[in-house]
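Secondary and tertiary structure notes
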Amino acid sequence: MNNDFDWRLVRSFLAGLDQGSLLGAARVLKATQPTIGRHIAELEAQLGVVLFERTGRGLLPTPTALQLATSARAMDSAANQLARRVSGSTPDMAGTVRITASQPVACYLLPPILAQMRLALPDVQVELVSSNAVSNLLRREADIALRMVQPVQASLIVKRVAKITLGTYAHRDYLRRRGTPRQPQDLLNHELIGSDRDETIVKGMAGFGLPVTRESFAFRCDDLVAYWQAVRAGLGIGFVSDYLAATDKDVLAVLPMVKVPPIPIWLTVHREIRTSRRIRAVYDFLAQALPRSL
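First, a word on scope: everything that follows refers to the structure included in this document. Since we're looking at a predicted model, the values are computed, not measured.

1. Describing helix α1 (residues 10–19)
- Of all 10 residues making up α1, seven are buried, and the element is well covered by its neighbours.
- Within the span of α1, buried status applies to Val10, Ser12, Phe13, Leu14, Ala15, Gly16 and Leu17.
- The first or second residue beyond α1 is glycine 20, which carries a positive phi of 80 degrees.

2. Points about the nonpolar core
- Core analysis: the largest hydrophobic core is formed by 56 residues, its most contacted members being Leu110, Ile144, Met205, Val282 and Leu286.
- The residues touching leucine 286, leaving out its near neighbours within four places in the chain, are Ile99, Leu110, Ile113, Leu114, Ile144 and Leu267.
- Among the nonpolar cores identified, the runner-up in size contains 19 residues, and Leu17, Ala26, Ile36 and Ile40 belong to it.

3. Looking at the environment of tryptophan 266
- Position of tryptophan 266 among the secondary structure elements: in strand β11 (residues 260–270).
- According to the relative accessible area criterion, tryptophan 266 is buried, its value standing at 12%.

4. Concerning the packing of aromatic side chains
- Applying the stated criterion across every chain yields a total of one aromatic pair.
- Look at phenylalanine 13 and phenylalanine 52: their rings are 5.8 Å apart centre to centre, the planes differ by 50 degrees, and that puts the pair in the tilted class. Of the two residues, phenylalanine 13 sits in helix α1 while phenylalanine 52 sits in strand β1 (residues 52–55), which places them 39 residues apart along the sequence. The exposure classification of phenylalanine 13 matches that of phenylalanine 52, with both residues buried.

5. A closer look at unusual backbone geometry
- One non-glycine residue, lysine 30, adopts positive backbone phi at about 55 degrees.
- Assignment of secondary structure puts lysine 30 in the loop between α2 (22–29) and α3 (33–47).

6. Points about the pairing of strand β6 (residues 156–171)
- Summarising the sheet, β6 and β11 pair through nine bridges and their orientation is antiparallel. Across the sheet, the residue bridging to isoleucine 164 is isoleucine 263, located in β11.
- In this sheet, strand β9 (residues 238–241) lies alongside β6 in antiparallel orientation, the contact comprising four bridges. Looking across to β9, one finds that leucine 166 is bridged to serine 241.
- In terms of strand pairing, β6 meets strand β10 (residues 251–254) through four bridges, oriented antiparallel. Bridge pairing links alanine 170 to leucine 252 in β10.

7. Regarding the side chain of histidine 171
- Along the chain, histidine 171 turns up in strand β6.
- Among the polar contacts listed, one links the side chain of histidine 171 to the backbone nitrogen of aspartate 173, at a separation of 3.0 Å.
- Among all residues touching histidine 171, those that are not within four sequence positions of it are Val231, Arg232, Gly234, Asp250 and Val251.

8. What about the pairing of strand β5 (residues 144–147)?
- Going residue by residue along β5, you find Ile144 and Leu146 tucked away on one face and Ala145 and Arg147 tucked away on the opposite face as well.
- As paired elements, strand β3 (residues 95–101) and β5 share two bridges and run parallel to each other. Counted as the bridge partner of threonine 100 is alanine 145 from β5.
- Bridge count for β5 against β11 is four bridges, and the pairing is antiparallel. Residue pairing in the sheet places alanine 145 in a bridge with threonine 268 of β11.

9. Re the packing of helix α5 (residues 103–120) against helix α10 (residues 277–289)
- Packing of α5 against α10 leaves a shortest axis separation of 11 Å and a crossing angle of 130 degrees. Here α5 lies oblique to α10, going by the angle between them. Two packed elements cross with a definite hand, and for α5 against α10 that hand is right-handed. In contact with Leu110, Ile113, Leu114, Gln116, Met117 and Ala120 of α5, α10 contributes Val282, Phe285, Leu286 and Ala289.
- When the residues that make up the contact of α5 with α10 are grouped by side-chain class, the tally is nine nonpolar, one polar and no charged.

10. Some details on the packing of α1 against α2
- α2 packs onto α1 with a crossing angle of 125 degrees between their chain directions and a minimal axis gap of 8 Å. One way to sum up the angle between α1 and α2 is to call them oblique. Our pair here, α1 against α2, has a crossing hand that is right-handed. Across the interface between the two elements, Arg11, Ser12, Ala15, Gly16 and Gln19 from α1 touch Gly24, Ala25, Val28 and Leu29 from α2.
- Counted by class, the contact of α1 with α2 contains four nonpolar, four polar and one charged residues.

11. With respect to the pattern of salt bridges
- One pass over the structure, following the stated rule, counts 11 salt bridges.
- One salt bridge connects lysine 249 with aspartate 250, and the closest N-O pair in it is separated by 3.8 Å.
- For lysine 249, a relative accessible area of 68% puts it in the exposed group.
- Residue classification places aspartate 250 among the partly exposed positions, given a relative accessible area of 23%.
- Between arginine 280 and aspartate 284 there is a salt bridge, with its nearest N and O atoms 2.9 Å apart. With a gap of four residues between them, arginine 280 and aspartate 284 both fall in helix α10, about one helical turn apart.
- Relative accessible area serves as the criterion here: at 37%, arginine 280 is assigned to the partly exposed category.
- Here the salt bridges do not stand alone but share partners, grouping Arg172, Lys249 and Asp250 into one network.

What counts, and where the lines are drawn
- Residues numbered from 1 in each chain as written.
- Predicted model: local features only at pLDDT ≥ 70, side-chain atom pairs only at ≥ 80, totals over all residues.
- Heavy atoms only, no water.
- Buried < 20%, exposed > 50% of the residue type's maximum accessible area, 1.4 Å probe, protein only.
- Helix = DSSP H or I, 4+ residues; strand = E, 2+ residues; numbered from the N terminus.
- Core = buried A, V, L, I, M, F, W, Y, C linked by side-chain atoms within 4.5 Å.
- Contact = heavy atoms within 4.5 Å.
- Phe/Tyr/Trp six-rings, centres within 6.5 Å; stacked < 30°, edge-to-face > 60°.
- Pairing = 2+ DSSP bridges.
- Polar contact = N/O pair within 3.5 Å; in protein donor to acceptor, adjacent residues only side chain to side chain.
- Axes fitted to C-alpha atoms, helices over the stretch in contact; angles between N-to-C directions.
- Parallel < 35°, antiparallel > 145°, perpendicular 65-115°, else oblique.
- Left-handed = near helix turned anticlockwise from the far one by under 90°.
- Nonpolar A, V, L, I, M, F, W, Y, C, P; charged D, E, K, R; others polar.
- Salt bridge = Lys/Arg side-chain N within 4 Å of Asp/Glu carboxyl O.

Here it is as structure tokens:
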């Protein structure tokens, strides 16, 4: 075994271990499959061990890989901690802050707020990640996150800054064609817009005494922006946030008696990285600028 192996190859090893394939590891690290494969092969050569069996279904870790995983993760965690502390010690306000938020929040809610922030913090550059996936602040995938689920990690600072109210909506053309439901039970006779794999809407309707299944929805999609566009196009009745529905005067509220529980928005930042003046300024601006109820 060569004790002077390249420590940078450990990230590719861990990504391959966690994702189970070169393709998955490449996506996580934003690299190419050949690059990840080369890194793993180099690490195997430097350590003098076999870490993975290459199969048709992906990467199968060897017992040696599993034994090394704990130490490798400790190294990775230490490297990330060092990066956070270095970032947090930078006094200059100029630079980039990476923000992640769900697609509707990133596409419809944040742009006007970021336009205001541009005037208040002109030296700050923003990278906005529009994704429904929960980005990992511990691994520096983002500096600040707007999440609909409260994180539980002790090393994160979490602040509830707003709540999103939801309602039942349909385009006026759909209502003209199919009529307006007068009571929740009427929804069973309408074309409904639901989710593909997410079961939130199915469970919510069950709570209102409406036993529906996945097949009860004429259109299904987990992409929240595409979902909203389907409602706007008149595909059927959907469940969307009130702030989003307010952007189109032809999308009308139906069944106001159906009260959907509001969804909280959590503003999240890493405890160490918040000591950065730049990230702290953006965090504080968003906390003040976001409406309390949407």
